[in-house]
Amino acid sequence: PHTYGLCEDRDLIGTEFFVMDFLDGNIYWDLLLKEKSPEERKAIYLNKNKVIAELHKVNYKDVGLEDYGKPGNYIARQVSRWTKQYLASETKNIPAMNNLIDWLPKNIPDGDKTSIVHGDYRLDNMVFETDHKVMGVLDWELSTLGHPIADFSYHCMGWRNTPELANEKFCKENGIPTEKEYRDMYSEITGIMLDEHWEFYAIFNIFKLAGILQGIMGRVRDGTAASKHAEERGNMVMPLAESAWDLVEKNYK
């Protein structure tokens, strides 16, 4: 967003602040978009797909973002980062996480790619116009130079953890693309083929999410967790790890 001004004088309102653009649009929290018609759902999914695809097509060097992050080896660096995060916050032994920590570095696909990645691209981080086009994308603090397929796969986790979206019949009846159809939309825009290693990126992102949630559980252990739901979220680590390891066994064993 365009920034209009920064005020560093804390005496004015009690803190430093800045003024930026305001987007007067719609934010949706429900992936099922229950209040929308099938035609509206289709348009919303089409437009959010188009935006992440166009983001990944941007040549980061051409727009002056060559130093926005480290190009290359993104997956290896992320696996290392979240492994360290997990081990530093570990509260109990989870065999599936131990298995993933050993398996992931040895199975990173060849063909490294680098693009601008959002890091947390999801429906509720988008502002939509009344015609369902995306007028803005929010929450860029995790953005960096990274792997576009990893970024897109994280965005697609909804099809894995929302029972209705995992049901192709439900999707077709409600105007929502299936995971495969959504992937094909992205591939058509970017030219990036996803089929060969798609399950690896799903495994990686579930592992990453488990690492994030274990960090929350570590704060519960240390008495520094702020959210009343922190322990509940931390308890998701084991089922997430087990679901990721189940994908390994189904697709790589």
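Residues numbered from 1 in each chain as written. Predicted model: local features only at pLDDT ≥ 70, side-chain atom pairs only at ≥ 80, totals over all residues. Heavy atoms only, no water.

A. Looking closely at the overall build of the protein. From N to C terminus, the protein includes ten helices and six strands. With respect to the three principal axes, the spread of C-alpha positions in the protein is 50 × 50 × 40 Å. Burial status across the protein gives 43% buried among its 253 residues. Looking at the protein as shown, the accessible area adds up to about 14,200 Å², and 51% of this sits on carbon and sulfur atoms. Averaging the locations of the 30 positively and 41 negatively charged side chains of the protein gives two centres separated by 4 Å. (Helix = DSSP H or I, 4+ residues; strand = E, 2+ residues; numbered from the N terminus. Buried < 20%, exposed > 50% of the residue type's maximum accessible area, 1.4 Å probe, protein only. Areas by Shrake-Rupley, 256 points an atom, 1.4 Å probe, with all protein chains shown as cover. Lys, Arg positive; Asp, Glu negative; His and termini not counted. Charge placed at Lys NZ, Arg CZ, Asp CG, Glu CD.)

B. A look at the state of the cysteines. Tallied over the full model, the rule gives zero disulfides. There is no disulfide at Cys-156, and the cysteine sulfur nearest it, in Cys-171, is 12 Å away. (Disulfide = S-S within 2.5 Å.)

C. How the structure looks around the packing of helix H1 (residues 38–57) against helix H7 (residues 179–190). Relative orientation of the contacting elements H1 and H7 amounts to 40°, with a least axis distance of 9 Å. Comparing their axes, H7 and H1 come out oblique. As for the relative orientation of H1 and H7, their crossing is right-handed in sense. Where H1 abuts H7, its residues Tyr-45, Leu-46, Lys-48, Asn-49, Lys-50, Ile-52, Ala-53, Glu-54, His-56 and Lys-57 lie against Tyr-182, Met-185, Tyr-186, Ile-189 and Thr-190. Of the residues contributing to the contact of H1 with H7, the split by class is eight nonpolar, three polar and four charged. (Axes fitted to C-alpha atoms, helices over the stretch in contact; angles between N-to-C directions. Parallel < 35°, antiparallel > 145°, perpendicular 65-115°, else oblique. Left-handed = near helix turned anticlockwise from the far one by under 90°. Contact = heavy atoms within 4.5 Å. Nonpolar A, V, L, I, M, F, W, Y, C, P; charged D, E, K, R; others polar.)

D. Region of interest: the packing of aromatic side chains. With the rule as written, the count across this model stands at ten aromatic pairs. Note on Phe-152 and Tyr-186: the rings are 4.0 Å apart at their centroids and 15° apart in plane angle, and the pair reads as stacked. Of the two residues, Phe-152 is situated in helix H4 (residues 148–155) and Tyr-186 in helix H7; the sequence distance between them amounts to 34 residues. You'll find Phe-152 and Tyr-186 in the same group, each marked buried. A centroid spacing of 5.4 Å and a plane angle of 90° characterise the contact between Phe-200 and Tyr-201, whose relative ring orientation is edge-to-face. For the pair Phe-200 and Tyr-201, a shared accessibility class is recorded, and that class is buried. Site record: aromatic cluster; members linked through ring pairs are Tyr-45, Phe-152, Trp-159, Tyr-182, Tyr-186 and Trp-198. (Phe/Tyr/Trp six-rings, centres within 6.5 Å; stacked < 30°, edge-to-face > 60°.)

E. Quick look at the pattern of salt bridges. Inspection of every chain in the model, using the stated rule, returns 14 salt bridges. We note a salt bridge from Lys-106 to Asp-102, for which the minimum N-O separation is 3.0 Å. Between Arg-122 and Asp-124 there is a salt bridge; the shortest N-O distance is 2.8 Å. Salt bridges sharing common partners tie together Arg-160, Glu-179, Arg-183, Asp-195 and Glu-199. (Salt bridge = Lys/Arg side-chain N within 4 Å of Asp/Glu carboxyl O.)

F. Expanded view of the packing of H1 against H4. Orientation of H1 relative to H4, taken along the N-to-C sense of each, is 165°, at an axis distance of 10 Å. It follows that H1 is roughly antiparallel to H4 by the angle criterion. In this structure, the crossing between H1 and H4 has a hand that is right-handed. Where H1 approaches H4, its residues Lys-48, Asn-49, Ile-52 and His-56 are matched on the opposing element by Pro-148, Asp-151, Phe-152 and His-155.

G. Structural detail: the environment of Trp-82. One can find Trp-82 in helix H2 (residues 74–89). Remark: the alpha-carbon pair of Trp-82 and Gln-214, spanning 132 residues in sequence, is separated by 9.6 Å. Here Trp-82 is in contact with Phe-207, Lys-208, Gly-211 and Ile-212, once residues within four sequence places are set aside.

H. Summary view of H7. The end-to-end C-alpha separation of H7 is 17 Å, in line with the 16 Å expected for twelve residues at 1.5 Å each. Those residues of H7 that sit buried are Glu-179, Tyr-182, Arg-183, Tyr-186, Ser-187 and Thr-190. Across the axial projection of H7, the buried residues extend over an arc of 140°, all falling on one side. Buried positions along H7 lie against H1, H4, helix H5 (158–161) and helix H8 (198–222). In the segment just after H7, Gly-191 is the residue with positive phi, at about 80°. (Expected span 1.5 Å × (residues − 1). Arc of directions from axis to C-beta.)

I. Just the environment of Asn-107, in detail. Along the polypeptide, Asn-107 turns up in the loop between helix H3 (95–103) and strand E3 (115–117). On the basis of relative accessible area, Asn-107 is assigned to the partly exposed category, the value being 28%. The spatial distance from the C-alpha of Asn-107 to the C-alpha of Met-185 is 27 Å, given a sequence separation of 78 residues.

J. Geometry of a nonpolar patch on the surface. A cluster of nonpolar side chains, Leu-6, Phe-18 and Met-20, forms an exposed patch at the surface whose accessible area comes to about 330 Å². Its location among the elements puts Met-20 in strand E2 (residues 17–20). (Patch = residues over 30% accessible without salt bridge, like charges linked within 9 Å, V, L, I, M, F, W, Y side chains within 5 Å.)

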